[in-house]
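# Breakdown of the fold
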Amino acid sequence: MRDPRTERLAAWYGANARDLPWRVPPGDPTPPDPYRVWLSEVMLQQTTVAAVRDYFARFTTLWPTVHDLAAAEDAAVMAAWAGLGYYARARNLLKCARAVVSDHGGRFPDTEAALLTLPGIGPYTAAAIAAIAFGRPAVVVDGNVERVMARLGAIQTPLPAAKPEIRALAACLTPEVLPGDHAQAVMDLGATLCTPRKPTCMLCPLADGCEGRRLGVAESLPRKAPKVPKPERSGFVYLARLGDLWLVETRPAKGLLGGMLAFPTSDWGAHPASDPPFDAPWREVGQVRHTFTHFHLTLTVMTAETRANPDRGNFAPLDPDALPTLFGKAHALVTQGSAATA
DNA sequence: CAACCGTGGAC
DNA sequence: TGTCCAAGGTT
């Protein structure tokens, strides 16, 4: 016996599903391409649909299949990902594509457990791919589901302690039939009506049975632990030119901006020490501000016309679009002038 | 398990 | 302007 809320949600989704490039229409018996589902799910991790759209189009044009992606150069994939953030996703994307080709005959595994063994695929993404691309009744729990379920059940326990309760409620509502549509229906509901601020309960297909709404506490759910303040860090970034060439380096594969194209920098900390890649009359151009997940950063931008053998990095032609946003700001400051000064 | 890991848009 | 937030994963 299906929960009546599952029925109401399915009917709502049939009429209100968002049309997205990686989706098939609601009720479509032909499942979408697992490669496209996987790619979209990884891109959508902690990232908005609006931000993902162009990147998804670019990736599927450059690399239409998992074989194409697996054969791509690391630097090409990192460059294509530049600006989307959380660059470990791009590194794991490549690892995963290559594992699918070398260990799974070029086909994504069709079970949650097998998907979970692949790089960059965690509990949410494994469940989402299993449900959407393979029709398996996996319990898909993402931020939308957490919010919708917390409100539906008026769950007052703060996250992350509330996860078991939330998962139990989500499991109650997960159908055997068209589980992929159901998962996307909850996410669409969370993205369009049951939003973090000012939810549109008047249009919600689940408003009737929503305990949070009945008690007048929906908008305050889910409760979350207070966030820690971001410390300030600062440092120097060095933009050196040799004719049309720029001094660039690839950042170490782990850690912040790992594997990305970058300009040399000093260490970043509370009290920055200058550490240029070579001795020269460096000229201060200005400063750029940038906020990462867990700290604020101010970089003093230094520039010089150059020497041929720096201590680190290489002189190379530069595609500014291949830079992560922080270094894009520094590049814009040097090439255009005063736009990004702090 | 809590810390780490980007970015741009909304308010 | 600063804060919060978005289809999380890894260590």
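Residues numbered from 1 in each chain as written. Chains lettered and ligands numbered in written order. Predicted model: local features only at pLDDT ≥ 70, side-chain atom pairs only at ≥ 80, totals over all residues. Heavy atoms only, no water.

### Some remarks on the environment of Ala-150
We apply this condition: Starting at the N terminus, helices and strands are each numbered in turn, a helix being any DSSP run of H or I of at least four residues and a strand any DSSP run of E of at least two. Here, residues are in contact when the closest pair of their heavy atoms is within 4.5 Å.
Counting through the fold element by element, Ala-150 comes out in helix H9 (residues 143-152). Ignoring sequence-local partners within four residues, the contact set of Ala-150 consists of Ile-155, Ile-166, Leu-221 and Pro-222.

### Some words on the protein's contact with DNA strand B
Counted only if it meets this: Whether a residue is near a molecule or strand depends on its heavy atoms: if one lies within 4 Å, it is near. Counting of polar contacts relies on pairs of N or O atoms within 3.5 Å, with two restrictions inside protein: one atom must be capable of donating a hydrogen and the other of accepting it, and residues adjacent in sequence are counted only when both atoms are side-chain atoms. In this count, Pro and Cys sit with the nonpolar residues alongside Ala, Val, Leu, Ile, Met, Phe, Trp and Tyr, while Asp, Glu, Lys and Arg are called charged and the others, Gly among them, polar.
Neighbouring DNA strand B are 18 residues, the closest being Tyr-87, Leu-257, His-290, His-294 and Thr-325. Per the 4 Å cut-off to the protein, sugar and phosphate atoms form 62% of the nearby atoms of DNA strand B. In the model, a base nitrogen of DNA strand B is placed 3.0 Å from a nitrogen or oxygen of the Thr-47 side chain. Between Leu-257 and DNA strand B, the recorded distance is 2.5 Å, taken from a backbone N or O atom to a phosphate oxygen. Among the elements of the structure, strand E4 (283-291) and helix H13 (325-336) are those that each provide at least two residues to the surface near DNA strand B. Class assignment of the residues belonging to the surface near DNA strand B gives a composition of eight nonpolar, ten polar and no charged.

### Some points on the nonpolar core
Using the following cut-off: Buried Ala, Val, Leu, Ile, Met, Phe, Trp, Tyr and Cys residues form a nonpolar core when they are joined through side-chain atoms within 4.5 Å. Only protein chains enter the accessibility calculation, which uses a 1.4 Å probe; a residue is then buried when its area is under 20% of its type maximum, exposed when over 50%, and partly exposed in between. The domain boundaries here were taken from an automatic or database domain assignment.
By size, the foremost hydrophobic cluster in this structure holds 72 residues, and its most contacted members are Trp-38, Met-43, Phe-59, Trp-81, Phe-263, Leu-326 and Phe-327. The residue makeup of this core includes at least three contributed by each of domain 1 (4-220) and domain 2 (232-336). Setting aside residues no more than four positions away along its own chain, Phe-59 makes contact with Leu-39, Met-43, Pro-64, Val-77, Ala-80, Trp-81 and Leu-93. Counting residues in each nonpolar core, the second largest holds 27 residues, with Leu-159, Leu-173, Leu-189 and Cys-204 among its members.

### A short note on the packing of aromatic side chains
What counts, and what does not: Two rings from Phe, Tyr or Trp (for Trp, the six-membered ring) form a pair when their centres sit within 6.5 Å of each other. Planes less than 30 degrees apart are called stacked, planes more than 60 degrees apart edge-to-face, and all others tilted.
Within this structure, the stated rule accounts for 13 aromatic pairs. The interplanar angle of 55° and the centroid separation of 6.5 Å between the aromatic rings of Trp-268 and Phe-295 together place this pair among those described as tilted. Of this pair, Trp-268 sits in the loop between strand E3 (261-262) and E4 while Phe-295 sits in the loop between E4 and strand E5 (296-305), and the two are 27 residues apart along the sequence. Accessibility expressed as a relative area gives 17% for Trp-268, which makes it buried. Phe-295 gets classed as buried once you look at its relative accessible area, which sits at 1%. When the centroid spacing of 5.1 Å and the interplanar angle of 35° are considered together, the rings of Phe-292 and Phe-295 count as tilted. For the pair formed by Phe-292 and Phe-295, the shared burial category is buried.

### Observations regarding the domain arrangement of chain A
In plain terms, the rule: In short, buried area is how much 1.4 Å probe accessible area vanishes from two parts on joining, totalled over both. In what follows, salt bridge is the name for a side-chain nitrogen of Lys or Arg lying within 4 Å of a carboxyl oxygen of Asp or Glu.
Entries for chain A in the domain assignment read domain 1 (4-220) and domain 2 (232-336). Of the residues lining the interface, seven residues belong to domain 1; the matching set on domain 2 comes to 13 residues. Across the interface of domain 1 and domain 2, roughly 650 Å² is buried in total on both sides, 58% from carbon and sulfur atoms. Across the contact surface, domain 1 and domain 2 share zero salt bridges. Summed over the shared surface of domain 1 and domain 2, the number is two residue pairs in polar contact (both at pLDDT 80 or more). Here the residues of the side of domain 1 that touches domain 2 sort into five nonpolar, one polar and one charged.

### Topic: the side chain of Arg-151
What counts here: Neither His nor the chain ends is counted toward charge; the positive residues are Lys and Arg and the negative residues Asp and Glu.
Tracing the sequence through the fold places Arg-151 in helix H9. Within the buried core, Arg-151 has no salt-bridge partner, and the shortest N-O distance to an opposite charge, that of Glu-219, equals 6.5 Å. A distance of 3.0 Å separates a polar atom in the side chain of Arg-151 from the backbone oxygen of Leu-221. Not counting chain neighbours up to four residues away, the residues in contact with Arg-151 comprise Cys-194, Thr-195, Pro-196, Pro-199, Cys-210, Glu-211, Gly-212, Ala-218, Glu-219 and Leu-221.

### Structural notes on the environment of Trp-63
Position of Trp-63 relative to the elements: it lies in the loop between helix H3 (49-62) and helix H4 (66-70). Distance from Trp-63 to Ala-185, taken between C-alpha atoms, is 28 Å for residues 122 residues apart in sequence. Here Trp-63 is in contact with Tyr-35, Asp-68, Leu-69, Ala-72, Ala-76, Val-77 and Ala-80, once residues within four sequence places are set aside.

### Some words on helix H10 (residues 163-173)
Turn by turn, an α-helix covers 3.6 residues, leaving residues three or four places apart pointing in a common direction. Put simply, the test is: Throughout, the arc means the angular range of directions from the helix axis out to the C-beta atoms.
Those residues of H10 lying buried are Ile-166, Leu-169, Ala-170 and Leu-173. Relative to the axis of H10, the buried residues are bounded by an arc of 100° and lie together on one face. Across from the buried face of H10, at angles greater than 90 degrees, the exposed residues are Pro-164 and Cys-172. Buried residues along H10 sit against helix H1 (4-16), H9 and helix H11 (179-192).

### Details of the protein's contact with DNA strand C
Near DNA strand C you find 26 residues, and of these Gln-46, Gly-120, Thr-125, Asp-142 and Asn-144 are the closest. Near the protein, meaning within 4 Å, the atoms of DNA strand C are sugar or phosphate in a fraction of 64%, with bases accounting for the rest. One nitrogen or oxygen atom from the main chain of Gln-46 is found 2.7 Å from a phosphate oxygen belonging to DNA strand C. Among the elements of the structure, helix H8 (123-134) and H9 are those that each provide at least two residues to the surface near DNA strand C. Of the residues in the surface near DNA strand C, the class split is ten nonpolar, nine polar and seven charged.

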